[in-house]
Amino acid sequence: MGKENRTQLPILIYKGADICYNILNYFAEQLGEALARLGESVIYYDVEKEGLSNLAQFVGRDFKAVIGFQTYAFDPFLKSRQCFLHDLIGGPKFNFQFDHPIWMRAHYEKCPKNCYVLTHDRNYQEFIRKYYPAVLDALILPPGGSLPDNPGQSVEKIYDMVFLGTYTDYRTYFPAIRASSRELRFLANRFLLEMKKNPNQPAEESLRKTLERKGQEHTNTEFLSLLDSLKPMIYCIMSYYREKVVRTLLDADIDLSVYGESWKKSPFFGHRHLIFHPSVTPEESSDELQRAKLSLNIMAWHKDGFTERIASSMLARAVVVSDKTTCLEEQYENDGELLLFDLNRLNTLPDRILSVLSDNERREKIAERAYQRAISEDTWDARAKLLLSYCESITILSE
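Residues numbered from 1 in each chain as written. Predicted model: local features only at pLDDT ≥ 70, side-chain atom pairs only at ≥ 80, totals over all residues. Heavy atoms only, no water.

Draft legend 1. Here's a closer look at the environment of N22. Looking at the secondary structure, you find N22 in the loop between strand 1 (11-15) and helix 2 (23-37). The class of N22 is partly exposed, set by a relative accessible area of 28%. Sequence separation of N22 and S229 is 207 residues, and the distance between their C-alpha atoms is 27 Å. With residues up to four places along the chain from it excluded, the contact list for N22 reads A17 and P282. (Helix = DSSP H or I, 4+ residues; strand = E, 2+ residues; numbered from the N terminus. Buried < 20%, exposed > 50% of the residue type's maximum accessible area, 1.4 Å probe, protein only. Contact = heavy atoms within 4.5 Å.)

Below you can see the structure in the form of structure tokens.
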């Protein structure tokens, strides 16, 4: 197919994963709308509603790209032809990866030939390249931010600080440790202790150091199996530090607005500085951020990444307060475009927050600088352009 004809090919986007307040479907729609604004023809397919078997309708067709969001739609394998279904569908396949890639192990160890992963974290990029050779490559493409419905309109900042994350009790993961074998239980405790002591390193690095102290060497396959079995510990430490950050803020008499029923199960529910709100959709969250002076972001153990919550907060002119990542430290000015804190030094966080809250001029300058960066670099339109550039490069290299 000639280059001119390739530019006219449609883009197929998979929807269907109704998790975390429908966030993955929201991402799919935001990217699709951005691609359409760039003149692309976009086809949506809802995997949950239409099923995997109906994907056969696309066999023999060519697409500029086939895109999923942590989807299992690329998994169907045709035993009769000894190939994946998507090997019979033309175009590069992209699967967005927002969680640690160990959660998608089964999908990436075996996958269609022309398969790529899009991720927001350079550690995840390195992990995929090392442990999933079936994936052609991992490319950096963070999720974009969403503008409020009225981005040009001045909105009163009625909340000191909002946090759009959910609450999970880290203690609920302890039974999984106790129920495991003696050997795995010992490893899990050591792994958990390493992550607790060194919260700025990625989970795989914590496991490597844990194994080194035991004098053990493992193949890539063995290492993957161990990390896979320890996934509950990654959730556990994420939840532990999330609770610790929130407790630090509330103990310093900082008002924190939270959303959703999960917070009713937290030990903070009823605290005079925890302001509870009903859950909000991804669309509604942009408007809530617009009413906030500060927006708290606590990474889900992404140590070199960027999230949509950061971008959306900046686009809503809410000053981002986030635990640091290598990416954020390199690309943004701490105290100039956002506030970064170290999970190892939470005692310094309250004073920094109170200082910004008490100085409206400083806060507004930070918010404006971040907004200008985000509006030019971190919208879904910017992400769509980057994706199209990847498609073009892949096409050139394949010819």
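Draft legend 2. Quick look at the pairing of strand 6 (residues 93-97). With five of five residues buried, strand 6 is to be regarded as a mostly interior element. Side chains K93, N95 and Q97 of strand 6 all project onto a buried face; the interleaved residues F94 and F96 project onto the opposite face, where all are buried too. Bridge count between strand 3 (residues 65-69) and strand 6: four bridges; the pairing is parallel. Paired with G68 across the strands is N95, a residue of strand 6. As defined by bridge partners, strand 6 adjoins strand 7 (residues 115-119) across five bridges and the pair is classed as parallel. Looking across to strand 7, one finds that N95 is bridged to V117. (Pairing = 2+ DSSP bridges.)

Draft legend 3. Up close: the side chain of H100. With respect to the helices, strands and loops of the structure, H100 is situated in the loop between strand 6 and helix 4 (105-108). Classification of H100 as buried rests on a relative accessible area of 6%. Here E204 takes part through its side chain, which lies 2.7 Å from a polar atom of the side chain of H100. Residues contacting H100, with those up to four places away along its chain left out, are Y124, F127, E204 and L227. (Polar contact = N/O pair within 3.5 Å; in protein donor to acceptor, adjacent residues only side chain to side chain.)

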